[in-house]
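Understanding the architecture of this molecule
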Amino acid sequence: MRVLSGIQSNGKLHLGNYLGAITQHIAMQHEHECFFFIANYHSLTTIHDPDLLRAYTRDVAMDYLALGLDPEKACLFRQTDVPEVCELTWILSCVTGKGLLERATSYKDKVAKGIASSMGLFSYPVLMAADILIYRSDLVPVGKDQTQHVEMAQDMGGYFNQTFGKEVFKRPEAKLNESRVVPGVDGQKMSKSYGNTIELFDTAKKTKKRIMGIKTDSTPVEAPKDPDGCNVFALYKLMANPDEVNALADRYRAGGMGYGDAKKELAEVVERVLGPARERRAALEGDLSFVEDVLTTNGTKARKVAQGVMAEVRETCGLIAGKETHR
Ligand code: ADP
Ligand code: TRP
């Protein structure tokens, strides 16, 4: 089973990304052949500062490595190290109706948020389909917001196969990440666009400060509290072990514990998970040539797969010499 997913390099990764996507990506490396790439071509739809794009791209690589991605097991690479995806994007564009793209909800959401509606933003799903199809991926782990894009990749692969009468592309399936929504410090879904994130690799001090600032209600210290209506507890539940979760829930219900204490408990479990990763990340920052090496070596590996498929694609649609089809 070949698994593939892309991660945009358009900001600092946060706890929502970690609990909603990264833990699942990393767990899959033990069971499947995994390709994970940093979607820097996609990030160019919104980031137009070259230094920032470069920094975010390297950050995602270091974050994944520090959090436990094993580059010997999973192929972690940069999207731009396989430029063939851009060629396939064009080819898929030529067999895909504009109507399909006009129905993309993610495009409409982004434009509604004020992102400039460039051709790149509009054809974002075609590039994503090329990413998926070029590696003949079986499974694509994504969040709910991306399932429509995977369905579009199924459609585009089908259009190509149908147009040219050959099953060149495999039908990929989306694998929905566990459907937990991680709340941000204001209680809304944690997202970099809402400015409510707890970043994965801030300093320990800043992370604690962010946690101490989580919004809670004004129930007094003495009063019993409902753990299920509290943002602090919601995050604790996602990070701590079941015994710890039960113990904290009891303290909420008993009364006599202020939210400040609950926040301190949360800060401790967050540090338990992120502390060792922060150390590994600091070591990687001191060995950037290792990070670059991982990306280029894995990029070469991924590119070989893509080049094999592209040779077949070009021949199938008559872009290079091949057998006459006599159609
Ligand atoms: P952001 O909303 O910060 O821009 P992305 O859309 O880039 O995050 O997220 C990448 C992936 O991380 C998503 O497809 C989703 O699987 C996961 N993710 C992001 N935020 C959350 C969240 N608050 N809860 C659960 N999963 C999340
Ligand atoms: N669009 C995805 C996101 O924003 C990232 C992505 C790009 C992707 N290409 C992909 C995900 C291919 C899965 C497969 O999260």
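Residues numbered from 1 in each chain as written. Chains lettered and ligands numbered in written order. Predicted model: local features only at pLDDT ≥ 70, side-chain atom pairs only at ≥ 80, totals over all residues. Heavy atoms only, no water.

**Details of the site of ligand 1**
Cut-off, in case you're wondering: The criterion for a residue being near a molecule or strand is simple. One of its heavy atoms has to lie within 4 Å of it. Polar contact is the term for a pair of N or O atoms within 3.5 Å; when the atoms are in protein, one must be able to donate a hydrogen and the other to accept it, and sequence-neighboring residues count only if both atoms are side-chain atoms. Three residue categories are used. Nonpolar comprises Ala, Val, Leu, Ile, Met, Phe, Trp, Tyr, Cys and Pro, charged comprises Asp, Glu, Lys and Arg, and polar comprises the others, including Gly.
Taken together, the neighbourhood of ligand 1 is formed by 15 residues, with His-14, Val-182, Met-190, Ser-191 and Lys-192 sitting nearest. Taking Ser-191, its side chain carries an N or O atom lying 2.8 Å from an oxygen atom of ligand 1. Among the residues forming the shell around ligand 1, the class breakdown is four nonpolar, seven polar and four charged.

**A closer look at the pairing of strand β3 (residues 74-78)**
Condition: Working definition: with a 1.4 Å probe on protein chains only, accessible area under 20% of the residue-type maximum means buried, over 50% means exposed, and in between means partly exposed. Strands here are runs of E lasting at least two residues and helices are runs of H or I lasting at least four, both read from the DSSP assignment and numbered beginning at the N terminus. A pair of strands is treated as paired once DSSP finds two or more bridges between them.
Counted residue by residue, β3 has five buried out of five residues, so it is predominantly covered. Covered by surrounding structure in β3 are Ala-74, Leu-76 and Arg-78 together with Cys-75 and Phe-77, the residues of both alternating faces. Sheet topology note: the strand β2 (residues 33-39)/β3 ladder contains five bridges and is parallel. Paired with Cys-34 across the strands is Ala-74, a residue of β3.

**Things to note about the pattern of salt bridges**
Just so we agree on the cut-off: Think of a salt bridge as a Lys or Arg side-chain nitrogen and an Asp or Glu carboxyl oxygen that are within 4 Å of each other.
Applying the stated criterion across every chain yields a total of 19 salt bridges. Ionic pairing is found between Arg-78 and Asp-81, a salt bridge with its closest N-O pair at 3.1 Å. Using a relative accessible area of 24% as the deciding quantity, one classes Asp-81 as partly exposed. Where Glu-87 meets Arg-314, a salt bridge forms, and the shortest distance between an N and an O atom there is 2.8 Å. Residue Glu-87 is found in helix α4 (residues 84-93), and its partner Arg-314 is found in helix α14 (residues 288-316); the two are separated by 227 residues along the sequence. Looking at Arg-314, the relative accessible area reads 22%, which means it is partly exposed. Within this structure, Lys-12, Asp-59, Asp-63, Arg-281 and Glu-285 form a network of salt bridges that share partners.

**Considerations on the packing of helix α10 (residues 204-212) against helix α13 (residues 259-285)**
The following threshold applies: Here an axis means a line fitted to C-alpha atoms, over the contact stretch when the element is a helix, while the angle between two N-to-C directions is reported on a 0 to 180 degree scale. Oblique is the label for every angle not falling under 35 degrees (roughly parallel), over 145 degrees (roughly antiparallel), or within 65 to 115 degrees (roughly perpendicular). For any helix crossing, the convention is left-handed if the near helix is rotated counterclockwise from the far helix by under a right angle, and right-handed if that rotation is clockwise. Contacts were defined at the residue level, with two residues in contact if any of their heavy atoms lie within 4.5 Å.
Packing of α10 against α13 leaves a shortest axis separation of 9 Å and a crossing angle of 150 degrees. Between α10 and α13, the angle is such that the two are roughly antiparallel. Crossing geometry of α10 relative to α13 is assigned as right-handed. Here Ala-204, Thr-207, Lys-208, Ile-211 and Met-212 of α10 come into contact with α13, specifically with Gly-260, Lys-263, Lys-264, Leu-266, Ala-267, Val-270, Glu-271 and Arg-278. Its residues placed into classes, the contact of α10 with α13 shows six nonpolar, two polar and five charged.

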